[in-house]
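What follows is each chain in one-letter form.
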Amino acid sequence: MFSYHLRMYKSGLPLLVLLVLSLNGVASALTFKSDGTVIQNDGTVIQSPKDSVAAKAAKKAKAEAEAAKTETISNNQQIVNNTPDWCLNLPQSNLAIYRCGIGESNNLNMARNRATLDAKRALADQIDSQISSRMEDFLQTSGTGKNEQIRQRSEVITKNVTVAAKLTGYKEVYSESQSVGTKFIHYVLIGYPIASANQDLLNQIKEDEVLSTTEAADAAIAELEAEILNNISGS
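Thresholds, definitions, all that
Counting of residues starts from 1 at the beginning of each chain's written sequence and follows it residue by residue. It should be noted that, the model being predicted, local features are given only for residues of pLDDT at least 70 and side-chain atom pairs only at 80 or more, the latter also being counted only at that level, while totals for whole chains, interfaces and linings use all residues. For the side-chain quantities, the full set of heavy atoms in the structure was used; hydrogens and water were omitted. Axis geometry follows a simple rule: fit a line to the C-alpha atoms, using only the stretch in contact for helices, then measure angles between N-to-C directions, giving values from 0 to 180 degrees. By the criteria applied, helices consist of DSSP H or I runs no shorter than four residues and strands consist of E runs no shorter than two, each listed in order from the N terminus. Take the far helix as the reference: if the near one is turned anticlockwise from it by less than a right angle, the crossing is left-handed, and if turned clockwise, right-handed. Contact between two residues is taken to exist if any of their heavy atoms lie within 4.5 Å; hydrogens are not considered. Gly is put with the polar residues, along with every residue not named as nonpolar or charged; the nonpolar set is Ala, Val, Leu, Ile, Met, Phe, Trp, Tyr, Cys and Pro, and the charged set is Asp, Glu, Lys and Arg. Working rule for helices: expected span equals 1.5 Å times residues minus one. Only protein chains enter the accessibility calculation, which uses a 1.4 Å probe; a residue is then buried when its area is under 20% of its type maximum, exposed when over 50%, and partly exposed in between. The term disulfide is used for any two cysteine sulfur atoms that are within 2.5 Å. Think of a polar contact as two N or O atoms within 3.5 Å of one another; within protein, one of them needs to be a possible hydrogen donor and the other a possible acceptor, and neighboring residues in sequence only count if both atoms come from side chains.

Visitor: How would you summarise the packing of helix H4 (residues 108-142) against helix H6 (residues 194-207) if you had to cite specific residues and measurements?
Guide: Here H4 crosses H6 at 35°, and the two axes come no closer than 10 Å. As for the relative orientation of H4 and H6, their crossing is right-handed in sense. Touching Ile127, Gln130, Ile131, Arg134, Met135 and Phe138 of H4 are Ile194, Ala197, Asn198, Leu201 and Ile205, all from H6. The residue makeup of the contact of H4 with H6, split by class, is eight nonpolar, two polar and one charged.

Here you go:
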């Protein structure tokens, strides 16, 4: 009860001062500024901006914003410092490709799902890039890259192989969950056996009537096959 009366006293103090000044005939000599400052004609500050309700609210909002910013910077730094080494330095292999995914959420299961989706998206892009590169090598070697019919057939085969590769599945290698502030950070490393996709591409080229019967196709197929076998033996 005492604290309540004390707050009421403090909140009413500026008004009381103004009332006393008014009774003494000084009210006409007061200057009221937009920032809440009240100044007498002789320069005496009756009420400063820091005493106004708006100023206090603004100060509180600024302090909360600065605290939130500091917490965000601290959390981000913690995420960087705690990122697993296997996520920063991906395994290297001629038989498989690897990608790391990161997910963040207030819910652990959601963080895991987001991390897996992030890794699968990156893996799909890499699979598409590698298969397309292999096909382009074949077209360049056979000297048929500018033939529109052959180009269209190669695009169909590339798409078929890429789709089949994505449906084959991936293997989860490592995973780790961390708690940062009020959120969960989940890391996951997944791998895909790209060698099998390369072999599938080679088989489809051999079976295609257009690509396999072009001039220099045999030499191009042999070179592609040698490259794939070399990658497997060198893994």
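Let's pick the thread back up.
Visitor: Any chance you could break down H4 for me, citing the residues and the numbers?
Guide: Compared with the 51 Å implied by 1.5 Å per residue over 35 residues, the 52 Å span of H4 between its first and last C-alpha is a close match. Restricting attention to buried positions, one finds in H4 the residues Ala111, Ala115, Ala119, Leu123, Ala124, Ile127, Ile131, Arg134, Met135, Phe138, Leu139 and Ser142. Looking one or two residues past H4, glycine 143 carries a phi angle of roughly 70°, positive in sign.

Visitor: Kindly report on the state of the cysteines, identifying the contributing residues and their values.
Guide: The final tally for this structure, using the stated rule, is one disulfide. The side chain of cysteine 87 participates in a disulfide bridge whose partner is cysteine 100; the two sulfur atoms lie 2.0 Å from each other. A torsion of -95° about the S-S bond marks the disulfide between cysteine 87 and cysteine 100 as left-handed. You can see cysteine 87 sitting in helix H3 (residues 85-88) and its partner cysteine 100 sitting in strand E4 (residues 97-105), a full 13 residues away along the chain. Residue classification places cysteine 87 among the buried residues on the basis of a relative accessible area of 12%. A residue is classified by how much of its surface remains accessible, and cysteine 100, at 16% relative accessible area, is buried.

Visitor: Describe the side chain of serine 154, with residues and values.
Guide: Structurally, the position occupied by serine 154 is in helix H5 (residues 148-168). For serine 154, a relative accessible area of 2% puts it in the buried group. A distance of 2.6 Å separates the side chain of serine 154 from the backbone oxygen of arginine 151, its partner in a polar contact. What serine 154 contacts, discounting residues up to four positions off in sequence, is Met135, Leu139 and Leu211.

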